[in-house]
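Geometric and topological summary
Residue-level listing of the chains:
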Amino acid sequence: DESGNESTLLVLGQTGADGRVVAYISFDDDDFEIAYAELERRYYAGEGTAFASAGAKLTDFVTALNRGGMDAAFAMLDNPNLRIQTRSRSVFPERTTAELRGDLDELLSMVPTVRWWYSAVCWLSPTCCVIRQEREATGPHGERYAWTDIYGVEFRDDAPIWVCRFNLDDEAQAFADAESRM
C-alpha cells in the first residue's frame, strides 16, 4: 500500500466446466506445502483421476523431500534397476538412486532451506508423464538459488521404472522419449 506495507500469499483458483470460478482459496506464504497438497488433491480428484495413482507417488515424493524426509522419499524409488538417466548438459551423469541421494544429501548440507515442486505435469498416459520440476534454495547468507529441470517418468505398479532428466530447452525431446515408452 502507500505506506509500504505488503503481504504475500499463495492463491489456488479453480474453475468449473463453464469457465466460472468455483474456488478461490488463499494461503499464507509459509503454507506452501498445504497449498500444494490441496492443488494436487483437487486435480487428482477431478480431471486427473486417470492419473491419480501414479500422481499420488509424485506428490508424496516431493512432499517428503520438502519435509526433509529423504528416507521416505527414496523408499519410493526402491527399485535396484532404476537409474536416473540424463539427456541434459548437467555435470551429473546417469546415476543410481543411491548416487542421486548422495548428491541431494550434499546439497542439503550446503543450504539451510530448499523447496521442490512440480510446476507442470503433463500426463501422456496413466503411467507416463513429463514433469517440469522447480527447486529453490536459500544459502547460508540469504542468497537465493533456483533450478528448473524437465523429467520424463514412467511408472509400473505405482513405482518409477524410468526417470530421465532433460535440459529445460529440450522439452520436445522429453515428450518424444516419454511417448516412445508408452
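Residues numbered from 1 in each chain as written. Predicted model: local features only at pLDDT ≥ 70, side-chain atom pairs only at ≥ 80, totals over all residues. Heavy atoms only, no water.

So, the overall build of the protein chain
Inclusion rule: Only DSSP runs of H or I with at least four residues qualify as helices, and only runs of E with at least two residues qualify as strands; both kinds are numbered from the N terminus onward. We compute the radius of gyration from the C-alpha atoms alone; for a globule the expected value is 2.2 Å times N to the 0.38, where N is the number of residues. Here the term buried applies to any residue with accessible area under 20% of the maximum for its type, exposed to any over 50%, and partly exposed to those in between, with areas from a 1.4 Å probe on protein chains only. Charged residues are defined narrowly, with Lys and Arg counted positive, Asp and Glu counted negative, and His plus the chain ends left uncounted. We put the charge of a Lys on NZ, of an Arg on CZ, of an Asp on CG and of a Glu on CD.
Within the protein chain one finds five helices and eight strands. For a compact globule of 182 residues, the expected C-alpha radius of gyration is about 16 Å, and the protein chain comes in at 18 Å, within 12% of that figure. Taken along the three principal axes of its C-alpha coordinates, the protein chain extends 55 × 45 × 30 Å. The proportion of buried residues among the 182 residues of the protein chain is 37%. The distance from the centre of the 17 positive side-chain charges to the centre of the 32 negative ones in the protein chain is 4 Å.

Overview of helix α1 (residues 32-45)
The test is simple: Between the first and last residue of a helix there are one fewer steps than residues, each counted as 1.5 Å, and that sum is the expected span. Contact definition: two residues touch when any of their heavy atoms are within 4.5 Å.
Its 14 residues place the ends of α1 20 Å apart at the C-alpha level, agreeing with the 20 Å of an ideal helix rising 1.5 Å per residue. Listing the buried residues of α1 in full gives Phe32, Ala35, Tyr36, Glu38, Glu40 and Tyr44. Of the surrounding elements, those touching the buried residues of α1 are β1 (9-15), β2 (21-28), α2 (52-66) and β5 (113-125).

Describing the sheet that holds strand β7 (residues 144-156)
Which entries qualify depends on this criterion: Two strands make a pair as long as DSSP finds a minimum of two bridges between them.
In spatial order, the strands read β4-β3-β8-β7-β6-β5; together these six strands make up an open sheet with mixed pairing. The open sheet has two edge strands, β4 (95-96) and β5, and neither has a second partner. Sheet analysis places strand β3 (residues 83-87) next to β4, joined by two bridges and oriented antiparallel. Paired with Arg83 across the strands is Thr96, a residue of β4.

Topic: the nonpolar core
Heads up, the condition is: Buried Ala, Val, Leu, Ile, Met, Phe, Trp, Tyr and Cys residues form a nonpolar core when they are joined through side-chain atoms within 4.5 Å.
In terms of nonpolar packing, the biggest core is built from 32 residues, with Leu65, Phe74, Leu104 and Trp123 touching the most fellow members. Of all the secondary structure elements, the ones that give two or more residues to this core are α1, α2, α3 (70-75), α4 (97-110), β5, β6 (128-138) and β7. Among the elements that line this core, the one with the most residues is α2, at six residues. Leaving out residues up to four positions away in the same chain, Trp123 has contacts with Tyr43, Tyr44, Phe51, Ala54, Gly55, Leu58, Cys128, Cys129 and Phe155.

A closer look at the pattern of salt bridges
Our working definition: The working definition used for a salt bridge is a side-chain nitrogen of Lys or Arg within 4 Å of a carboxyl oxygen of Asp or Glu.
One pass over the full model with this rule turns up 12 salt bridges. Asp71 is the salt-bridge partner of Arg101, the closest N and O atoms lying 3.0 Å from each other. One end of the pair, Arg101, is in helix α4; the other, Asp71, is in helix α3, with 30 residues separating them in the sequence.

Structural notes on the packing of aromatic side chains
What describes a pair of aromatic rings is the distance from one ring centre to the other and the angle between the planes of the rings. The condition is simple: Aromatic rings from Phe, Tyr and Trp, taking only the six-membered ring of Trp, are treated as a pair when their centres fall within 6.5 Å; an angle between ring planes under 30 degrees marks them as stacked, one over 60 as edge-to-face, and anything in between as tilted. Any Lys NZ or Arg CZ that is within 6 Å of a ring centre and within 35 degrees of that ring's normal is treated as a charge sitting over the ring.
Per the counting criterion, the structure on display carries seven aromatic pairs. Ring geometry for Phe32 against Trp117: centres 5.5 Å apart, planes inclined by 65°, an arrangement best described as edge-to-face. Taken together, the residues span a long stretch of sequence, with Phe32 in helix α1 and Trp117 in strand β5 at a distance of 85 residues. For the pair shown, Phe32 and Trp117 are each scored as buried. Here the aromatic rings of Phe61 and Phe74 are separated by 6.1 Å at their centres, their planes lie at 70°, and the arrangement is edge-to-face. You can see Phe61 sitting in helix α2 and its partner Phe74 sitting in helix α3, a full 13 residues away along the chain. For the pair shown, Phe61 and Phe74 are each scored as buried. Pairwise contacts between aromatic rings join Phe32, Tyr36 and Trp117 into one cluster. One cation-aromatic arrangement involves Arg115 over Phe32; the distance from NZ or CZ to the ring centre is 4.2 Å.

Focus: the environment of Thr113
Relative to the elements of secondary structure, Thr113 occurs in strand β5. Owing to a relative accessible area of 42%, Thr113 belongs among the partly exposed residues under this scheme. Along the backbone, Thr113 and Gly68 are 45 residues apart, and their C-alpha atoms lie at a distance of 9.7 Å. When neighbours within four sequence positions are excluded, Thr113 is seen to be in contact with Glu136, Ala137 and Thr138.

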